[in-house]
Structures are given as C-alpha cells and as structure tokens.
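Here are the chains, one letter per residue:
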Protein chains: 2
Amino acid sequence: MRKLDKVDIQLVKILSQNSRLTYRELAELMNTTRQRIARRITKLKKLGVIKKFTIIPDLDKLGYMYAFVLVKLRVPSEVDAMISEISNVEYVKEIEKGVGRYNLIVRLLLPKDLKEAEGIINEFLQKIKNAESVEVVLISEIKKFEII
Amino acid sequence: MRKLDKVDIQLVKILSQNSRLTYRELAELMNTTRQRIARRITKLKKLGVIKKFTIIPDLDKLGYMYAFVLVKLRVPSEVDAMISEISNVEYVKEIEKGVGRYNLIVRLLLPKDLKEAEGIINEFLQKIKNAESVEVVLISEIKKFEII
C-alpha cells in the first residue's frame, strides 16, 4: 500500500467528525480544491482506509441497547471457526479478537426490553462452544462513543 | 420526545450504511422528496437520534489499535466520578457503564507499536482507583464492526 501522508490522516480525522461535509466544504477546510478532495477520498476508499461512512445514533432513543459477550476459549486456535459461525448473525455488531483475559469480544445489539433481550442473549450463548469462561455485560449507559 | 415512525427508523438504517448519500439519493431510495428527507434529517439531529455522521476507518492502516479496559469497581456508586475523570482523555474513545462482571468498559485508541502503547496503557491505569479488578484486552483484529 502506498504510504498515507499527513493530508490523508487529516482528511480521515475531519470526516470522522462529520462525514456529511461536501467536497466544497472539505476543500475550504483543507485549503485545497474540490477535485483534490474527491481524488483523495476515492483513494482512501480504494485502499480500504475508509471502510464505511456511517452515523452514531442514540440507541436508547431507537429502542435498543448493547451488550458485550466476553469469551475465553479453552482452545484459542478455535477462535476463527467460532467467528465464522457468528459473523453473519444480524444482531452481532462487533467481533474483535483479543489478547489478554478474553480472546473474543462480541457486541450484540439488543432490544431495550430485558425480557426480549434475554431470549436473544440465550440464543447467542448457545453458539459459544468450548469456552473456559463467558461473561455477558449489559450496557446501561454510553458516556462517550467515538471511533477515532 | 415525539415518537419516531417507521420512516425515521428506515432513514437511520440507510444512513448507517452510507452517511454520505445526498438528499436526492435518499429521496430516490425512499420514494419521497428531497425536502422531506432534509426535514427528517434535521429532526433526527435535533432530537439527538443521530448524534454524529462519521466513518469507520481501517485502524491498522492508520497505525492504530484498540484496547479494552474492563473495570469492576469496589464501590459501584463511584463509577460516575471515575467517568468524569477519564472522559476528556483524548485516547479514551468509548466509555460504557456495564451491568454484570464489569461496571465500566473503556476503549482506548493506541499506537500499533506495543512499546508506545504500553506507556499509554500504564498512564491510563493510574487513573483507575479503588478497583476490585481491571483487565486489559488488546485487540489484535477486528472481524466485524457495525454500529447498528
């Protein structure tokens, strides 16, 4: 991959603060032309540096909550097989491989209603096999949420 | 708060897949007018349903990695005081209050270089006082990352 320069990094940071800025607005902010901005964004997408343009919503207002499932597998090499089992599950929003007390961290998107959420959690936990330990942590409040 | 309708939810989901879609594109997708789309987005921002338009970058390509710090405080009621101590720290990207094995989950943004990362982790851990247990889990790979 071609090395990213300072301007690329700056553009990524600006877009992470507001991904709806137009080429014109970005060009003004960065003291360059719309064409150059367009070209850089295309490059950053093509290189996979920008994976997605998205939003951060207020989950609570949409009727959802998150939960983390923290897993320590008995046989760490089984983690990739486990991941392919769960990666297409709609309510599984994050899957991260960890080094430390847990080797798999999964974030679930659940309805706020605890009774409904419980059903989904239990369904999910059945997919976790051969774990040394599994912790479910329900998220009651998000106090900060940034990507980068 | 006025209740969100189905169209609001649909709009939030579409924007979470691509937050750069123009009013025109959104109007076409949702079979309505640009004016109506603009009005709904303004409403969703005002209500705080959409908190931010952002991007999901490839951290690794930018030279970063994440780590989770999982904390169980000895006195759970101290969690809010702890949160205000850490919420303005630049490399603290997520702060979530948990119910379960941990009552505080924090995500740190760290340089990929482990030696540099270690210094920041140690600095951060000094801010965590009166904890029954603290776990640091380094994230070696992100296999899925969606917000909603």
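Predicted model, so just to flag it, every value in this text is computed and none were measured.

Enquirer: Explain the overall build of chain A to me, using residue names and the numbers behind them.
Expert: The number of helices and strands found in chain A is six helices and five strands. For chain A, the succession of helices and strands along the chain, N to C, is α-α-α-β-α-β-α-β-β-α-β. In terms of overall dimensions, chain A is more spread out than a globule: its C-alpha atoms have a radius of gyration of 20 Å, far above the 15 Å expected for 148 residues. In terms of principal-axis extent, the alpha carbons of chain A reach across some 55 × 40 × 25 Å. Evaluated residue by residue, chain A yields a buried proportion of 50% over its 148 residues. By sequence separation, contacts in chain A at least 24 residues apart represent 65% of the contacts at least 6 residues apart. Carbon and sulfur atoms provide 48% of the accessible area of chain A, an area that totals close to 7,600 Å².

Enquirer: Kindly report on the relation of the copies chain B and chain A, identifying the contributing residues and their values.
Expert: You can overlay chain B on chain A at an RMSD of 0.0 Å; the transform is a turn of 180 degrees with a shift of 0.0 Å along its axis. Such a combination of rotation and displacement between the chain copies is what one expects of a two-fold axis. Looking at the interface residues of chain B, 100% of them are also at the interface in chain A, so both copies use one shared face.

Enquirer: How would you sum up the domain arrangement of chain A? Please name residues and give values.
Expert: Taken as a whole, chain A is organised into domain 1 (6-46) and domain 2 (59-138). Averaged C-alpha coordinates put domain 1 of chain A and domain 2 of chain A at centres separated by 35 Å.

Enquirer: So what about the interface of chain B and chain A? Which residues, and what values?
Expert: On the chain A side, the residues contacting the 67 residues of chain B number 67 residues. Carbon and sulfur atoms supply 57% of the area that chain B and chain A bury against each other, a total of about 6,400 Å² over both sides. Three residues stand out in chain B for area buried against chain A, namely Arg20, Ile55 and Ile147 of chain B, and they jointly supply 13% of the buried area on that side. Salt-bridge contacts for Lys97 of chain B lead to Glu141 of chain A; the nearest nitrogen and oxygen are separated by 3.4 Å. The interface formed by chain B and chain A holds 49 residue pairs in polar contact (both at pLDDT 80 or more) in total. It is strand β5 (residues 131-145) of chain B that provides the largest number of residues to the side of chain B that touches chain A, a total of 11 residues. Residues belonging to the side of chain B that touches chain A are distributed by class as follows: 37 nonpolar, 12 polar and 18 charged. As judged from the six bridges shared by strand β3 (residues 92-99) of chain A and β5 of chain B, these two strands associate in the antiparallel manner. Looking across to β5 of chain B, one finds that Lys97 of chain A is bridged to Glu141 of chain B.

Enquirer: Please provide a residue-by-residue account of the packing of aromatic side chains, values included.
Expert: Throughout the structure, instances matching the rule amount to six aromatic pairs over all chains. Judged by centre distance (6.4 Å) and plane angle (25 degrees), the rings of Tyr66 of chain A and Phe145 of chain A are stacked. Placement of the pair is Tyr66 of chain A in strand β2 (residues 64-73) and Phe145 of chain A in strand β5 (residues 131-145), with a sequence separation of 79 residues. Aromatic side chains Tyr102 of chain A and Tyr102 of chain B sit 6.3 Å apart centroid to centroid with 90 degrees between the ring planes, which places their arrangement in the edge-to-face category. Of this pair, Tyr102 of chain A sits in the loop between β3 and β4 (104-111) while Tyr102 of chain B sits in the loop between β3 (92-99) and β4 (104-111), each in a different chain. For the pair shown, Tyr102 of chain A and Tyr102 of chain B are each scored as buried. Here Arg20 of chain A stacks its cationic end above the ring of Phe53 of chain B, 5.6 Å away from the centre of that ring.

Enquirer: Break down the environment of Leu73 of chain A for me, with residues and values.
Expert: Residues and elements named next belong to chain A. Within the element layout of this structure, Leu73 appears in strand β2. Sequence spacing of Leu73 and Ile128 is 55 residues, and the spatial spacing of their C-alpha atoms is 8.8 Å. If we skip the residues at most four places from it in the chain, Leu73 touches Glu78, Val79, Met82, Asn103, Lys129, Asn130, Ala131 and Glu132.

Enquirer: Describe the UniProt feature "DNA-binding region" in chain A, and please don't skip the residues or the numbers.
Expert: Here the UniProt-annotated "DNA-binding region" positions come out as residues 23-42 of chain A. In this annotation, residues 23-42 of chain A is assigned 85% helix and 0% strand; the end-to-end C-alpha distance for the span is 12 Å.

Analysis parameters
- Residues numbered from 1 in each chain as written.
- Chains lettered and ligands numbered in written order.
- Predicted model: local features only at pLDDT ≥ 70, side-chain atom pairs only at ≥ 80, totals over all residues.
- Heavy atoms only, no water.
- Helix = DSSP H or I, 4+ residues; strand = E, 2+ residues; numbered from the N terminus.
- Rg over C-alpha atoms; globule rule 2.2 N^0.38 Å.
- Buried < 20%, exposed > 50% of the residue type's maximum accessible area, 1.4 Å probe, protein only.
- Contact = heavy atoms within 4.5 Å.
- Areas by Shrake-Rupley, 256 points an atom, 1.4 Å probe, with all protein chains shown as cover.
- Least-squares fit on C-alpha atoms with pLDDT ≥ 70 in both.
- Domains from an automatic or database assignment.
- Buried area = accessible area lost by both parts, 1.4 Å probe.
- Salt bridge = Lys/Arg side-chain N within 4 Å of Asp/Glu carboxyl O.
- Polar contact = N/O pair within 3.5 Å; in protein donor to acceptor, adjacent residues only side chain to side chain.
- Nonpolar A, V, L, I, M, F, W, Y, C, P; charged D, E, K, R; others polar.
- Pairing = 2+ DSSP bridges.
- Phe/Tyr/Trp six-rings, centres within 6.5 Å; stacked < 30°, edge-to-face > 60°.
- Lys NZ or Arg CZ within 6 Å of the ring centre and 35° of its normal.
- UniProt positions renumbered as here; feature names shortened; annotations may be inferred.

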